[in-house]
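# Coordinate inspection notes
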Number of protein chains: 2
Amino acid sequence: MRSYDEAVGLLKGRGVRITPQRTAILQYLLSHRTHPTADEIYRAIQPSYPNVSVATVYNNLRAFQEAGLVRELTAGDHASRFDVNMVPHHHAVCDRCGKIVDFYHPQLDGLAEAMEEELGFAVTEQRIEVHGLCRECRQRPS
Amino acid sequence: MRSYDEAVGLLKGRGVRITPQRTAILQYLLSHRTHPTADEIYRAIQPSYPNVSVATVYNNLRAFQEAGLVRELTAGDHASRFDVNMVPHHHAVCDRCGKIVDFYHPQLDGLAEAMEEELGFAVTEQRIEVHGLCRECRQRPS
DNA sequence: GTTCTTGCAAAACTTTTGCAGCAGT
DNA sequence: ACTGCTGCAAAAGTTTTGCAAGAAC
C-alpha cells in the first residue's frame with residue numbers, strides 16, 4: 001500500500017466508511033513507517049483530535065486489518081504493532097533501539113508451497129521476524 | 001532441550017536454583033510440547049501445587065528465558081506462549097484450531113548471513129511463523 | 001547464613017465491550 | 001434514512017512489582 005488515496009479506495013471498496021478518525025490513523029501509519037503500537041498512534045493523533053478514544057484506535061486498526069490494509073505484528077514487547085506495507089516483506093527488529101527495518105529476501109520465497117507439500121498445511125500468512133542488532137547499534141558501545 | 005536432567009543441568013550451571021515450582025513448570029513444558037501460555041501452565045500445575053501464583057509462573061518463565069532454556073512466542077492471540085525446544089525450528093500456527101506445529105526447512109538457512117552482509121544487521125534470533133490451516137482443519141467443514 | 005525465590009495483593013498495561021448519540025453514505 | 005462509527009467508561013485479560021516469609025545452596 002503506497003498512497004493515501006489507494007488505501008481509501010480499498011477501504012471504500014470493502015464498505016468501510018471514511019471518518020476523520022480513520023483518516024488520521026491512516027495518515028499516521030502511512031507517514032510513519034515505524035510499525036507503531038496502538039498507543040503510539042493514539043498519542044500522536046490526540047493533539048489534533050483531542051477526543052479520539054483508545055477504543056476507537058483499536059476498533060479502527062481491527063477494521064483495517066479485516067479489510068486487508070494493515071497487519072498486526074509483535075516485536076517481542078507486549079504490545080501489538082501495526083504495519084501498512086502490504087507488499088510481501090519481512091522484519092528485522094533491533095533489540096537495542098527497537099527499530100524495525102523492513103527487508104525482503106528471495107530465499108524465503110517458495111516456503112508456502114514447500115509446507116503445503118510436506119505438511120499439508122495451507123499457508124495464509126508468513127510472519128518472518130529476525131531479531132538482533134542493527135548497524136547503528138552495533139557500532140555504539142552497549 | 002530434550003530431557004529434564006539436561007534442562008536442570010543448564011539451569012544450575014547458570015546459577016538458577018531448582019525449586020518445586022520450577023520443576024513443575026519445566027516438567028509441564030517438557031511433556032506438553034504445545035507451546036502453552038503462562039496461564040495454561042498455571043492452571044495445569046495448580047492442582048498439584050495449589051498455592052503457586054501466576055506471578056511465580058511469569059517470574060520463572062522469565063528466568064528460564066534468561067538462562068536460554070525457553071523462548072517466548074506469539075501465536076497471534078494476545079498472550080505469550082513458551083517453547084522449550086531450543087533446536088532451531090519454526091512454527092506453523094493453525095488459525096482455526098490454534099495448534100502449533102514445529103517445522104524446519106533448510107530453505108531458511110543462511111538467512112542470517114545474508115542479512116549481515118546486506119543490512120549490517122547482527123542476527124541473534126530468527127522467529128519464523130507461518131499462519132494458515134493445518135491438514136486436519138482443511139478437511140473439516142468450516 | 002546468605003542469597004534467591006515464593007506468594008500474595010495491588011498496580012500497570014493492553015485490549016475488548018456495551019450502548020447512547022452522531023455521522024458517513 | 002439507514003447503518004455503521006464514535007466516545008466514554010467499565011470490564012476483561014495479561015504481565016509486572018513490592019515486600020515479608022520461606023527455601024535452596
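Thresholds, definitions, all that
Residues numbered from 1 in each chain as written. Chains lettered and ligands numbered in written order. Predicted model: local features only at pLDDT ≥ 70, side-chain atom pairs only at ≥ 80, totals over all residues. Heavy atoms only, no water. Near = heavy atom within 4 Å. Polar contact = N/O pair within 3.5 Å; in protein donor to acceptor, adjacent residues only side chain to side chain. Helix = DSSP H or I, 4+ residues; strand = E, 2+ residues; numbered from the N terminus. UniProt positions renumbered as here; feature names shortened; annotations may be inferred. Contact = heavy atoms within 4.5 Å. Least-squares fit on C-alpha atoms with pLDDT ≥ 70 in both. Axes fitted to C-alpha atoms, helices over the stretch in contact; angles between N-to-C directions. Parallel < 35°, antiparallel > 145°, perpendicular 65-115°, else oblique. Nonpolar A, V, L, I, M, F, W, Y, C, P; charged D, E, K, R; others polar. Buried area = accessible area lost by both parts, 1.4 Å probe. Salt bridge = Lys/Arg side-chain N within 4 Å of Asp/Glu carboxyl O. Pairing = 2+ DSSP bridges.

Turning to the protein's contact with DNA strand D, a few remarks are in order. By nearness alone, 22 residues border DNA strand D, and Arg-17, Thr-19, Gln-21 and Asn-60 of chain A together with Tyr-58 of chain B come closest of all. Per the 4 Å cut-off to the protein, sugar and phosphate atoms form 77% of the nearby atoms of DNA strand D. Thr-56 of chain A places a side-chain nitrogen or oxygen 3.4 Å from a phosphate oxygen of DNA strand D. Listing elements by their share of the surface near DNA strand D, those giving two or more residues are α2 (20–31) and α4 (54–66) of chain A together with α4 (54–66) of chain B.

The next subject is the protein's contact with DNA strand C. Around DNA strand C, the surrounding shell holds 22 residues, and the nearest of these are Tyr-58 of chain A together with Arg-17, Thr-19, Gln-21 and Arg-22 of chain B. Close to the protein, within 4 Å, the atoms of DNA strand C are drawn from sugar and phosphate at a rate of 75%. Tyr-58 of chain A has a polar side-chain atom sitting 2.4 Å from a phosphate oxygen of DNA strand C. Those elements giving two or more residues to the surface near DNA strand C turn out to be α4 of chain A together with α2 (20–31) and α4 of chain B. Broken down by element, the surface near DNA strand C gets its largest block of residues, 4 residues, from α4 of chain A.

Here the focus is the UniProt feature "binding site: Zn(2+)" (unreviewed entry) in chain A. As recorded in UniProt, the sites labelled "binding site: Zn(2+)" (unreviewed entry) are Cys-94, Cys-97, Cys-134 and Cys-137 of chain A. Sequence-wise these annotated residues cover 44 residues; spatially they are packed, their C-alpha atoms never more than 8.3 Å apart. Checked against the element boundaries, Cys-94 of chain A lands in strand β3 (residues 90–94). Residues contacting Cys-94 of chain A, with those up to four places away along its chain left out, are Lys-99, Gly-132, Leu-133, Cys-134 and Cys-137 of chain A together with Phe-121 of chain B. Summarising the element assignment, Cys-134 of chain A is placed in the loop between β5 (122–133) and α6 (135–139). The residues contacting Cys-134 of chain A, other than those within four sequence positions of it, are Cys-94, Cys-97 and Lys-99 of chain A together with Gly-120 and Phe-121 of chain B.

On to the relation of the copies chain B and chain A. Aligned on chain A, chain B shows an RMSD of 0.1 Å; the corresponding rotation is 180° and the shift along the axis is 0.0 Å. What we have between these two chains is a two-fold relation. Closest to the rotation axis within chain B is the C-alpha of Ile-128 of chain B, separated from it by 2.2 Å. When the interface residues of chain B are mapped onto chain A, 100% of them again lie at the interface, so the same face is used by both copies.

Residues and elements named next belong to chain B. Taken N-terminus to C-terminus, the directions of α2 and α4 make an angle of 70°; their axes are 10 Å apart at the nearest point. In this view, α2 runs roughly perpendicular relative to α4, as classed from their interaxial angle. Residues Gln-21, Arg-22, Ile-25, Leu-26 and Leu-29 of α2 touch α4, and the partners they reach there are Thr-56, Val-57, Asn-60, Leu-61, Ala-63 and Phe-64. Partitioned by chemical class, the residues of the contact of α2 with α4 number 7 nonpolar, 3 polar and 1 charged.

Here we take up the interface of chain B and chain A. Listed per partner, the contact involves 37 residues of chain B and 37 residues of chain A. When the area that chain B buries against chain A is broken down by residue, the three leading residues are Gln-107, Phe-121 and Arg-127 of chain B, summing to 19%. On inspection of chain B and its partner chain A, the count reaches 4 salt bridges. Among the secondary structure elements, those contributing two or more residues to the side of chain B that touches chain A are β1 (71–74), β3 (90–94), α5 (111–119), β5 (122–133) and α6 (135–139) of chain B. When residues in the side of chain B that touches chain A are grouped by element, the largest group, 12 residues, is from β5 of chain B. For the side of chain B that touches chain A, a count of residues per class yields 16 nonpolar, 11 polar and 10 charged. Bridge analysis of β5 of chain A against β5 of chain B gives 11 bridges, and the strand direction is antiparallel. Bridge pairing links Ile-128 of chain A to Ile-128 of chain B in β5 of chain B.

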